[in-house]
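Okay, here's what each chain looks like letter by letter:
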Amino acid sequence: MKASDLFVKALEKEGVEYIFGIPGEENLDFLESLRNSSIRFIATRHEQVGAFMAATFGRLTNKTGVCLATLGPGATNLFTGASYAQLGGMPLLLITGQKEIRGAKQGQFQIVNVVEMMGQTTKYARRIESGDNIGWMVREAFRRAEEDKPGAVHLELPEDIAREQTGAPLLDRSNVTLPVASESAIDDVVEALRNAKRPLAVIASSANRHENAAAISTFITRLGLPFISTQMGKGAVDERLPNFIGNASLSDKDYVHRSIDRADLILNIGHDDAEKPPFVMHHNHQIVAHINCSPAAVDPVYFPQLEVIGKISDNVLRIAEKLGTQTHWDFSFFEKERDKLEASVKKYAADDHYPVRPPYLVKTVREAMPDDGIIALDNGIYKIWFARNYKAYHPNTVLLDNCLATMGAGLASAMAAKIASPSCKVMAICGDGGFMMNCQDLETAVRLKLDLAVLILRDNAYGMIEWKQAGMDFPSFGLGFGNPDFVAFAESFGARGFRVESSDTLLETLENALKIPGVKIIDCPVDYSWNDRLLHKTFQQEAAALEL
Ligand SMILES: Cc1ncc(C[n+]2csc(CCOP(=O)(O)OP(=O)(O)O)c2C)c(N)n1
Ligand SMILES: [Mg+2]
């Protein structure tokens, strides 16, 4: 069999349904093999978007997403997407082409050492040097991509290898079940929970994977434990529950940090050190239990004393089972903080100033989205507001990247979410900076006939950095820009364009855009004058003014 045919058969055997990206001439044998397969190839308008889409597809399905690019410039365009998947814990296979490895005749033209480059940001990066190696190398790549913590892997398929004949066998997927923690590790946490007065759970990124969310939700409700979510952990446990205290969206001194400081035991479930730390450990009497698939990487702000390692879903249920009901816990402080935070969110969300201010915007988006609707955020200042104010009801319904925290992934991740969950309403939420980084792929969304709303928050600036600049008391400099007319821009792509002309009409515009089929852009002017005052000062001052 031709090696590229075998490669594609190996991908089919792994259950691959889609490949996203841009082929070059070095991928043409592979592309021809794809043409004759059950896998759907989706051409994107930038390799980065192919990688973001494949990674998000992996994030949502727990199956490795696959993207394709050529050598040199195509491969370098994949690097950000590879890092996004690797840091964010999303299973992703990057496939790149290469010139002939036997007898290339073009000198160093387009040659970058892609395997070495990808080795910097993936778990596994290899060149396939013989068609006979395809079977085991593809299997190993998938195994590594999906192994907890999931991440990125890379295979390079040179042209001459793609073209050669091979009779090598393919390997079946192995059936891996994660080990569970020892009895003594469970006992130690049960004991700590018995001795604690104010235990608190932090629900972080791996809580949103596999069957973890359901088990953790049972654990939280059965014990009645108060919990905080991290940005990547949002939705794993329903944030409408009365024991939800808040989200770790700001770095410190917000209401949730006061709860964290007050807890005498923190159960940190699904923590990933690639996510911006939801809390900072101090050298005091507070005990932290790390509950995850793999042990804690220790750093200056994270050095948990207890660890429960292995399959999270089994381990948390075993803890709940052994512990039983406790009546001595005192959650009054957390409840007070929760109420104050809720009141604060409500107070500022009532302000319907135009251009729209973030708290009102977030409230209105929540009203417009169905319970199971998915919002996919790009990276900008609004991410903090959504993390803090937008309650997620179901796992993976708030997709954001708090690990690489790259701009440019919002539209791509929304597109992948719509492909993975076609029955859900999906809205991309992007800044005018982040949207323009990958706006070319609006064409891909239109071509795929995706029902997708894209909300663009227009402040004519890199608002997040303006906020940081103001926080450092630097004068405003270097961060402003102009924008196209986003309504005309949408229409030129064959999408629909809406403009928010007043705060009163925001809800109606969003609901309308979610209802109409096809791709819709909503141009929403925003007023960011509150960012510095509220996020840097007011919230911390208001929280600090509360009695302890
Ligand atoms: C690829 C990339 N470049 C730069 C940054 C640094 N950065 C983070 S947020 C931001 C500004 C985002 O601007 P915009 O998308 O307009 O959102 P806004 O904050 O204005 O709402 C920048 C430059 C980044 N995170 N990713
Ligand atoms: Mg902006």
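Above this text you will find the structure in question.
About the thresholds
Residues numbered from 1 in each chain as written. Chains lettered and ligands numbered in written order. Predicted model: local features only at pLDDT ≥ 70, side-chain atom pairs only at ≥ 80, totals over all residues. Heavy atoms only, no water. Helix = DSSP H or I, 4+ residues; strand = E, 2+ residues; numbered from the N terminus. Rg over C-alpha atoms; globule rule 2.2 N^0.38 Å. Buried < 20%, exposed > 50% of the residue type's maximum accessible area, 1.4 Å probe, protein only. Areas by Shrake-Rupley, 256 points an atom, 1.4 Å probe, with all protein chains shown as cover. Lys, Arg positive; Asp, Glu negative; His and termini not counted. Charge placed at Lys NZ, Arg CZ, Asp CG, Glu CD. Near = heavy atom within 4 Å. Polar contact = N/O pair within 3.5 Å; in protein donor to acceptor, adjacent residues only side chain to side chain. Nonpolar A, V, L, I, M, F, W, Y, C, P; charged D, E, K, R; others polar. Pairing = 2+ DSSP bridges. Right-handed = clockwise from strand over helix to strand, strands pointing away. Donors = N, O, S within 2.8 Å, 3.2 Å for Na, K, Ca; no water. Salt bridge = Lys/Arg side-chain N within 4 Å of Asp/Glu carboxyl O. Contact = heavy atoms within 4.5 Å. Expected span 1.5 Å × (residues − 1). Phe/Tyr/Trp six-rings, centres within 6.5 Å; stacked < 30°, edge-to-face > 60°. Lys NZ or Arg CZ within 6 Å of the ring centre and 35° of its normal. Arc of directions from axis to C-beta. Axes fitted to C-alpha atoms, helices over the stretch in contact; angles between N-to-C directions. Parallel < 35°, antiparallel > 145°, perpendicular 65-115°, else oblique. Left-handed = near helix turned anticlockwise from the far one by under 90°.

A count of helical and extended segments in the protein gives 21 helices and 18 strands. In terms of overall size, the protein behaves like a compact globule, its C-alpha atoms giving a radius of gyration of 24 Å where 548 residues would be expected to give roughly 24 Å. In terms of overall dimensions, the protein has C-alpha extents of about 75 × 60 × 45 Å along its principal axes. Burial statistics for the protein: of 548 residues in total, 59% are counted as buried. Within the structure as shown, the protein displays about 21,100 Å² of accessible surface, and the carbon and sulfur contribution to it stands at 51%. One finds the centroid of the 57 positive side-chain charges in the protein at a distance of 2 Å from the centroid of its 70 negative side-chain charges.

Another point: the site of ligand 1. Taken together, 19 residues are adjacent to ligand 1, and D432, G434, G463, M464 and Y528 come closest. Interatomic distance of 2.8 Å between a backbone N/O atom of G433 and an oxygen atom of ligand 1. Y528 is positioned such that a nitrogen or oxygen atom in its side chain is 2.6 Å from an oxygen atom of ligand 1. Taking 590 Å² as the accessible area of ligand 1 by itself, protein coverage stands at 78%. Per element, the largest residue contribution to the shell around ligand 1 is four residues, and it comes from helix α16 (residues 432–437). Split by residue class, the shell around ligand 1 holds ten nonpolar, seven polar and two charged.

This next bit is on the pairing of strand β17 (residues 496–499). Taken together, the four bridges between β17 and strand β18 (residues 519–525) define a ladder with parallel strand orientation. Directly across from R499, in β18, lies its bridge partner D523. Between the parallel pair β17 and β18, the chain is carried across by helix α20 (residues 506–515), and the sense of this crossover is right-handed.

Summarising the metal site, the magnesium ion (ligand 2) is bound by the protein donors D432 (OD), D459 (OD) and A461 (O), whose distances to it range over 2.1 to 2.2 Å. Going along the chain, you hit the donors of the magnesium ion (ligand 2) in the pattern D-x26-D-x1-A. Of the two residues, D432 sits in helix α16 while A461 sits in the loop between β16 (452–458) and α18 (463–471), which places them 29 residues apart along the sequence. For D432, a relative accessible area of 2% puts it in the buried group. What makes A461 buried here is its relative accessible area of 6%.

Below, the discussion takes up the side chain of K418. Tracing the chain through its elements places K418 in helix α15 (residues 410–420). For K418, which is buried and forms no salt bridge, the nearest opposite charge comes from D451, at a distance of 4.9 Å. Of note is the side chain of K418, whose polar atom sits 2.9 Å from the backbone oxygen of P422. Aside from chain neighbours lying at most four places away, what touches K418 is C424, V426, L450, D451 and L452.

Counting along an α-helix, one turn takes 3.6 residues, and residues three or four places apart therefore face a common direction. If you check helix α3 (residues 47–61), its first and last C-alpha atoms are 21 Å apart, about what 15 residues at 1.5 Å a residue would give, namely 21 Å. Of all 15 residues in α3, 14 are buried, a share of seventy percent or more. Remark: N62 follows α3 within two positions and exhibits a positive phi of approximately 60 degrees.

What follows covers the packing of aromatic side chains. The final tally for this structure, using the stated rule, is 18 aromatic pairs. Within the aromatic cluster, the residues linked to one another by ring pairs are Y348, W385, W530 and F539. Stacked on the ring of Y393, the Lys or Arg R366 has its end atom at 3.8 Å from the ring centre. Its guanidinium or amino end placed over the ring of F539, R388 lies 3.8 Å from that ring's centre, counting from NZ or CZ.

Okay, α18 next. Within the span of α18, buried status applies to G463, W467 and Q469. The buried residues of α18 all sit within an arc of 160 degrees when viewed along its axis, so they share a single face. For α18, the secondary structure elements touched by its buried residues are α14 (382–389) and α21 (529–544). In the stretch just after α18, D473 is the one whose phi turns positive, near 60 degrees.

For the rest of this paragraph, the subject is the sheet that holds strand β10 (residues 265–269). Across the sheet, which stays open at both edges, the six strands sit in the order β9-β8-β7-β10-β11-β12 with parallel pairing between neighbours. Of all the strands in the sheet, the pair left with one neighbour each is β9 (244–247) and β12 (306–309). Strand after strand, the sheet turns through a mean of 20 degrees between neighbouring axes, direction not considered. Where strand β8 (residues 227–229) and β9 come together, three bridges link them in parallel fashion. Residue pairing across strands places I228 opposite G246, the latter belonging to β9. On the sheet, helix α10 (residues 255–262) packs against β7 (199–203), β8, β9 and β10 and is oriented at approximately 120 degrees with respect to β9. Docked against the sheet, helix α11 (residues 312–323) engages β10, β11 (287–292) and β12, running at close to 135 degrees with respect to β11.

Look at α14 against α21: their axes get within 11 Å of each other, and the N-to-C directions meet at 50 degrees. Considered as vectors, α14 and α21 are oriented oblique to each other. Along this stretch, α14 crosses α21, giving a crossing that reads as left-handed. Listed contacts from α21 to I384, W385 and R388 of α14 are N531, L534, L535 and F539. Partitioned by chemical class, the residues of the contact of α14 with α21 number five nonpolar, one polar and one charged.

Our focus in this paragraph is the sheet that holds β17. Ordered in space as β14-β13-β15-β16-β18-β17, the six strands form an open sheet in which the pairing is parallel. Across the chains shown, the open sheet's two edge strands, defined by having one partner strand only, are β14 (398–399) and β17. Looking at chain direction, strand β15 (residues 426–431) and β16 are connected through five bridges and run parallel. Residue pairing in the sheet places G431 in a bridge with L457 of β16.

Glycine aside, a negative phi is what most residues show, and trans is what most peptide bonds show. Cis geometry marks the peptide bond from D148 to K149; its omega dihedral reads -15 degrees. Inspection of the secondary structure assignment puts K149 in the loop between α6 (134–146) and β6 (152–158). Along the chain, Y354 connects to P355 via a cis peptide bond; the corresponding omega equals -5 degrees. Within the secondary structure layout, P355 lies in the loop between α12 (332–349) and α13 (358–368). Backbone geometry places N396, a non-glycine residue, at a positive phi of 55 degrees. Looking at where N396 falls in the secondary structure, it is placed in the loop between α14 and β14.

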